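This is what each chain is made of:
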Amino acid sequence: MRCFRLPPVLITAALVTVGCADEPSSEPSPVKVAFDDGWGQVFLADADGSALQQITPTTTVDNTDDRYSTYPALSPGGTQLAYTRAGRFIDIVDLDSGQSRTLYEGGYQPVFSPDGTSIAFSSSDGISIMNADGSDVRVIVEQDSAFGAAFSPDGSRVVFATDGHLVEVPVTGGDPTVLLRDQFWNQDPVYSPDGSTLVFVSNRGGNNGSEIYAMPAGGGPITPLTATYAVHPQFTPDGSRILYTRATSPDGTPVTDIATSTRPELASMNPDGTDQRHLTPRSITAQNPSTGGGQ
């Protein structure tokens, strides 16, 4: 088992587009969240789930459709969105102009560096990094089981999962450092913006699924943040909230056992796991959140 993926159901989304200001503003850009619906479309919304808009074309439910889009990644400034198309192309779209192009063929799960100049991604080769314009592609982890890269807050390191272990490597490559290796399956690691905490997903809860956990970045006690099935944690840029994908029953109740009939939705919580609330409307399935903006 390489990753936990929630089986979505096909539904129709009611979309609201975001208007553009007539004049430039000196105010910080709003925090945005991007996600995919599990059926090949990528969406963008404000951090509170409002102002929902569809970014990529509507596709068929067949993931062989060349437009099938997943794993969105917002740039730190929230102006660009990278994503995986057709399972093998990494595309990028300028959110102001709507212009898009392909950066790389043969990768998936892109993620921007904190300064927005680089993109790390997974591939059959392992973990690679390229410039944000698609140039200078280089493999930093040669291990086909490695996936789910995320940068450290200072941009000097990349953390990822491989065979259920959490591992870190310098962006220049080199010797990896094992951050967590035990009898459980661990994945989806991400650092808090201040670098003090590593949040990740694990099946250590004893349920037929997985939950989100936190531990000090340097190692230490592991604390559960969710008690129900949850994956894909992502901090908001200011570190005040964690967005994540959770499984719910058809009536919206979070579940622990993925053998039940489930659908994915986005939720948010405080970094200590309190104040858990749904983020996306019941009219749409949602998973793989990414945040950006606020700068």
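Attention in this report is confined to the structure presented alongside it. For clarity, every value in this text was computed on a predicted model and none was experimentally measured. (Residues numbered from 1 in each chain as written. Predicted model: local features only at pLDDT ≥ 70, side-chain atom pairs only at ≥ 80, totals over all residues. Heavy atoms only, no water.)

**Quick look at the overall build of the protein chain**
Counting its regular elements, the protein chain contains zero helices and 24 strands. In terms of overall size, the protein chain behaves like a compact globule, its C-alpha atoms giving a radius of gyration of 18 Å where 295 residues would be expected to give roughly 19 Å. Seen through its principal axes, the protein chain has C-alpha atoms that stretch 50 × 45 × 40 Å. When the accessible surface of the protein chain is summed, it comes to about 12700 Å², and 50% of that surface belongs to carbon and sulfur atoms. Across the protein chain, the mean location of the 16 positive side-chain charges is 4 Å away from that of the 34 negative side-chain charges. (Helix = DSSP H or I, 4+ residues; strand = E, 2+ residues; numbered from the N terminus. Rg over C-alpha atoms; globule rule 2.2 N^0.38 Å. Areas by Shrake-Rupley, 256 points an atom, 1.4 Å probe, with all protein chains shown as cover. Lys, Arg positive; Asp, Glu negative; His and termini not counted. Charge placed at Lys NZ, Arg CZ, Asp CG, Glu CD.)

**With respect to the pattern of salt bridges**
Scanning all chains against the criterion turns up 13 salt bridges. We note a salt bridge from Arg-138 to Asp-136, for which the minimum N-O separation is 3.3 Å. The exposure class of Arg-138 is partly exposed, given its relative accessible area of 30%. Note that Asp-275 and Arg-277 form a salt bridge whose closest N and O atoms lie 2.3 Å from each other. Beyond isolated ion pairs, a larger network of salt bridges with shared partners links Asp-66, Arg-85 and Asp-91. (Salt bridge = Lys/Arg side-chain N within 4 Å of Asp/Glu carboxyl O. Buried < 20%, exposed > 50% of the residue type's maximum accessible area, 1.4 Å probe, protein only.)

**Let's talk about the sheet that holds strand E22 (residues 263-269)**
Taking strand neighbours across the sheet as the criterion, the four strands line up as E20-E21-E22-E23 in an open arrangement whose pairing is antiparallel. Every interior strand has two partners, whereas the edge strands, strand E20 (230-235) and strand E23 (277-278), have only one. Of the strand pairs in this sheet, E22 and E23 are connected by two bridges, and their pairing is antiparallel. Bridge assignment links Ala-267 to a residue of E23, and that residue is His-278. (Pairing = 2+ DSSP bridges.)

**Focus on the nonpolar core**
Val-199, Ile-212, Leu-225, Phe-235, Ile-242, Tyr-244 and Met-269 are the most contacted members of the largest nonpolar core, which has 16 residues in total. Listing elements by their share of this core, those giving two or more residues are strand E17 (197-202), strand E18 (211-216), E20, strand E21 (242-248) and E22. Ignoring sequence-local partners within four residues, the contact set of Leu-225 consists of Val-199, Ile-212, Tyr-213, Ala-214, Ile-242, Met-269, Pro-271, Asp-272, Gly-273 and Gln-276. Ile-127, Ile-140, Ala-146 and Ala-149 belong to the second largest nonpolar core, which has twelve residues in total. (Core = buried A, V, L, I, M, F, W, Y, C linked by side-chain atoms within 4.5 Å. Contact = heavy atoms within 4.5 Å.)

Without other data, these values stay purely geometric and don't point to any function.
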